[in-house]
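One-letter residues, chain by chain:
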Amino acid sequence: MTRWYPSQGTKHGGTHPPFTTINRIGEPSSAMRRQEQRIHDKRILANYVQLAPGVLVIWDRQPYRVLELAERPLDLWGEKHEMRFATALEHWEIGGKRGERPEKATWGGRPFVFVLQPDGKPHEKPIHLIGPANHTWDVLPEHYWICSACGELPPCRHQEAERIADHHAAHADVLMDIPPGHCLGCGEFVTSRQQATRFPGPNLWRPDLPENSAVFHARQECSTPRERYREQWEARGGMKQQPSLFPDDNRPAA
Ligand SMILES: [Zn+2]
Ligand SMILES: [Zn+2]
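Residues numbered from 1 in each chain as written. Chains lettered and ligands numbered in written order. Predicted model: local features only at pLDDT ≥ 70, side-chain atom pairs only at ≥ 80, totals over all residues. Heavy atoms only, no water.

(A) Local environment of the coordination of the zinc ion (ligand 1). Looking at the metal site, the zinc ion (ligand 1) is ligated by Cys-147 (SG), Cys-150 (SG) and Cys-156 (SG), spaced 2.2 to 2.4 Å from it. As a motif over one chain, the donors of the zinc ion (ligand 1) read C-x2-C-x5-C. A residue is classified by how much of its surface remains accessible, and Cys-150, at 29% relative accessible area, is partly exposed. (Donors = N, O, S within 2.8 Å, 3.2 Å for Na, K, Ca; no water. Buried < 20%, exposed > 50% of the residue type's maximum accessible area, 1.4 Å probe, protein only.)

(B) Representation of the pairing of strand E5 (residues 111–118). In terms of burial, E5 is largely enclosed, as 8 of its 8 residues are buried. Judged by which residues are buried, E5 turns out to be covered on both faces: Pro-111, Val-113, Val-115 and Gln-117 on one side and Phe-112, Phe-114, Leu-116 and Pro-118 on the other are all buried. Here strand E4 (residues 62–71) pairs with E5 via 7 bridges, running antiparallel. Across the sheet, Leu-69 pairs through a bridge with Phe-114, a residue of E5. As defined by bridge partners, E5 adjoins strand E6 (residues 127–132) across 6 bridges and the pair is classed as antiparallel. Looking at E6, one finds that Leu-116 is bridged to Ile-127. (Helix = DSSP H or I, 4+ residues; strand = E, 2+ residues; numbered from the N terminus. Pairing = 2+ DSSP bridges.)

(C) Looking closely at the layout of surface pockets. Looking at the largest pocket, its volume works out to about 220 Å³. The wall of the largest pocket is formed by 13 residues, among which Ile-22, Arg-24, Gln-37, Arg-38 and Asp-41 lie closest to the centre. Put simply, the second largest pocket is a space of about 170 Å³. What lines the second largest pocket is a set of 11 residues, and nearest its centre among them are Thr-2, Pro-18, Phe-19, Leu-45 and Ala-46. Put simply, the parts of the chain that give the lining of the second largest pocket at least two residues each are helix H1 (31–45) and strand E2 (48–50). With 3 residues, the top contributor of residues to the lining of the second largest pocket is E2. The class makeup of the residues in the lining of the second largest pocket is 7 nonpolar, 3 polar and 1 charged. (1 Å grid on protein atoms, 1.4 Å probe; cavity = no way out; pocket = protein on both sides within 12 Å on 5 of 7 lines; lining within 4 Å. Points joined across faces, edges and corners; volume = space filled by probe spheres on them. Nonpolar A, V, L, I, M, F, W, Y, C, P; charged D, E, K, R; others polar.)

Below is the structure:
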């Protein structure tokens, strides 16, 4: 079960041999569910590739082929890694000594050397990286996608920038459609029965609306945008504003 599907971008990779089981706490109460869980676990386990020379991995959005993997000799760890190990040991002791006592030779965070060759560029110098042995890598199939516009692996920086820009644009569109008297957080009407927080002064998010029109529900659900607005409002000098208990204050300005 180690095949790649044509549309599958990556698998997970690491230095440890493939696991044969997944440690779970508790198990489903029905026999069929337990069986389904075992089948599901097989599929998860098949999504792992143990790194070895020749395996393709992603580093810094570029494809590299593993040239060499090496343990750092235990006596050459250096102070930084020794300190990390001491901390891990401390955590194990404080944490009730669960699991086996970390040993330098098998500790997941031990320094490991990864020598990688830019794929398809045999004349470029290989790079030497040092990282924890249990670092999770993204492994590529032999046939992988690259963006023809920029040569990066997907998602390339362009795609990410465009996605963020589209998200902001969609957000701005929805914000611009909120009618006066509606909450700038959820976009729904603030009824006279609902507690609301009003921000006096110009409407920072909807400059097209009149002064004192910025209103949010006081409820928890609308708190994230409300607090974001409050921060911007306070940064501009704000003015002590209070949630109003007058029901007519909560009606939209006609
Ligand atoms: Zn691109
Ligand atoms: Zn709301």
